Amino acid sequence: MDVFTTRDDGVQYPDGFWEEKFKSWTDSKPYGSSSVGVDITMVGFRSAYGLPEHADSFALKSTVGSTDPYRLFNLDVFEYEIGNPMALYVAVPYLMAHKKEATAGVLWLNAAETWIDTQSTENSKGLFRKMWNTVVPDESVPNFTSHFMSESGLVDVFFFSGPTPQKVQSQLAMTTGVTPLPPLFSLGYHQCRWNYKDQDDVATVNSKFDEHDIPMDVIWLDIEHTDGKKYFTWHPIHFKNPKQMLDGVAASGRKMVTIIDPHIKKDTGYRVYKDAKDMELYVKRADNVTDFEVCELATHDTHNWATVSAIDTTTMEGYWDPNGMTRSEAGSKDG
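Residues numbered from 1 in each chain as written. Predicted model: local features only at pLDDT ≥ 70, side-chain atom pairs only at ≥ 80, totals over all residues. Heavy atoms only, no water.

1. Looking at unusual backbone geometry
Step number 1: Of the consecutive residues Pro-52 and Glu-53, the connecting peptide bond is found in the cis state with omega at 15 degrees.
Step number 2: Within the secondary structure, Glu-53 is located in the loop between strand E4 (48-50) and strand E5 (70-72).
Step number 3: Notably, Glu-79 is not glycine yet its phi reads approximately 55 degrees, a positive angle.
Step number 4: Relative to the helices and strands, Glu-79 is located in the loop between E5 and strand E6 (94-98). (Helix = DSSP H or I, 4+ residues; strand = E, 2+ residues; numbered from the N terminus.)

2. Things to note about the side chain of Asn-74
Step number 1: Counting through the fold element by element, Asn-74 comes out in the loop between E5 and E6.
Step number 2: A distance of 3.3 Å separates the side chain of Asn-74 from the backbone nitrogen of Ala-91, its partner in a polar contact. (Polar contact = N/O pair within 3.5 Å; in protein donor to acceptor, adjacent residues only side chain to side chain.)

3. Some details on the pairing of strand E12 (residues 218-221)
Step number 1: By the alternation rule, side chains of E12 split into Val-218 and Trp-220 and Ile-219 and Leu-221, which are all buried.
Step number 2: Across 2 bridges, strand E11 (residues 190-191) lies against E12 in parallel orientation. Across the sheet, residue His-190 finds its bridge partner in E12, namely Val-218.
Step number 3: Read as a crossover between parallel neighbours, the route from E11 over helix H3 (residues 199-211) to E12 is right-handed. (Buried < 20%, exposed > 50% of the residue type's maximum accessible area, 1.4 Å probe, protein only. Pairing = 2+ DSSP bridges. Right-handed = clockwise from strand over helix to strand, strands pointing away.)

4. Details of the packing of H3 against helix H4 (residues 242-251)
Angle between the axes and distance between the axes: these two values describe a pair of packed helices.
Step number 1: As a packed pair, H3 and H4 sit with axes 10 Å apart at the nearest point and diverge in direction by 5 degrees. Between H3 and H4, the angle is such that the two are roughly parallel. Contacts between H3 and H4 pair Gln-199, Val-202 and Asn-206 from the former with Pro-242, Gln-244, Met-245, Gly-248 and Val-249 from the latter. (Axes fitted to C-alpha atoms, helices over the stretch in contact; angles between N-to-C directions. Parallel < 35°, antiparallel > 145°, perpendicular 65-115°, else oblique. Contact = heavy atoms within 4.5 Å.)

5. Topic: the nonpolar core
Step number 1: Residues Met-42, Ala-48, Leu-51, Leu-60, Leu-95 and Phe-148 are the most contacted members of the largest nonpolar core, which totals 17 residues.
Step number 2: Elements supplying a minimum of two residues to this core: strand E3 (36-43), E5, E6, strand E7 (103-108) and strand E9 (143-150).
Step number 3: Judged by nonpolar contacts, the second largest core, of 15 residues, contains Trp-220, Ile-259, Val-272 and Tyr-282. (Core = buried A, V, L, I, M, F, W, Y, C linked by side-chain atoms within 4.5 Å.)

6. Points about the confidence of the model for the chain
Step number 1: Summing up the model confidence of the chain, the mean pLDDT is 83 and the portion of residues at 70 or higher is 81%.
Step number 2: Within the model, pLDDT remains below 50 along residues 311-317, and this stretch shows 19 contacts once partners closer than five positions in the same chain are excluded.
Step number 3: This model gives residues 324-335 a pLDDT under 50, and the stretch forms 42 contacts once residues within four places in sequence are excluded. (pLDDT = per-residue confidence, 0-100.)

7. Some words on the packing of aromatic side chains
Step number 1: All chains considered together, the criterion is met by 9 aromatic pairs.
Step number 2: Between Phe-17 and Trp-18, the aromatic rings sit 5.3 Å apart at their centres with planes inclined by 70 degrees, giving edge-to-face as the arrangement. Here Phe-17 and Trp-18 have matching classes, each one buried.
Step number 3: Cluster of aromatic residues (ring-pair linked, three or more members): Tyr-13, Phe-17 and Trp-18.
Step number 4: Cation over ring: Lys-99 sits above Phe-45, and NZ or CZ is 5.0 Å from the ring centre.
Step number 5: Above the ring of Phe-185, the side-chain terminus of Lys-255 is found at 5.5 Å from the ring centroid. (Phe/Tyr/Trp six-rings, centres within 6.5 Å; stacked < 30°, edge-to-face > 60°. Lys NZ or Arg CZ within 6 Å of the ring centre and 35° of its normal.)

Laid out in structure tokens, this is it:
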């Protein structure tokens, strides 16, 4: 792999080599265009699964020569296409190959935008070859090959030998950490819509679930509940009495969760924005001085501060940051 550390005068570089532009956004590349990748072959396996999230078949398809590679890059896509390797809400660079006698897994530990080409020797056969093999068995060893390509980062790969699906998942959990037990109420039905008009609308929806005897444990509010997208606040007209609204939801044995996005509105009169700026908690631009335009919060300590801000400034029972600490589409409206 070539690593470019300086820009040589007089050298003609391809368009987009040092920076890329999308609308008003500019993505600088101080070390030039680069990527990192690896080919992984699961010998003896016809099929593999994983690489979430894509609206596609359960078993991974052969993308080589037929479609784009599977893309991993967190996007909130409205009206996404079915049977397409396009990126969606979640990006996990993990796949698992399985057959009757064995199971194996691989984790490509890279948070950058990633593309994965996949190919199965079995699925790549033509129709007539498959028909012929029903009469004359094919004694060749099947393989499932994946080619991981990431825009930056290191070669950091974990292999899980199984030999059962349960063992592979256990080995993955030992590597990445186990999933915390969720609160009991979160396992029930959750009601959410973009967006409820006001707190009277919320009260009506809440009461209709009782009227029609439909079980429901949690009702969610999208970002329009805030005062002009200033998170940890309430709209002064549409949600002017949040305590009353929450008490009404709680009286029916339910909880409320409010959605926030991970960026903070620039407004010097907004206490949360000002506090975070004074504490230098915002992501910096390439000069390491200027705050990034969307002011996305950067660190674990920042999220702890945001939780305290939520407790101090609202009466809600919980809030949800849909992006967490992951990479996301710049400018996405709903995370």
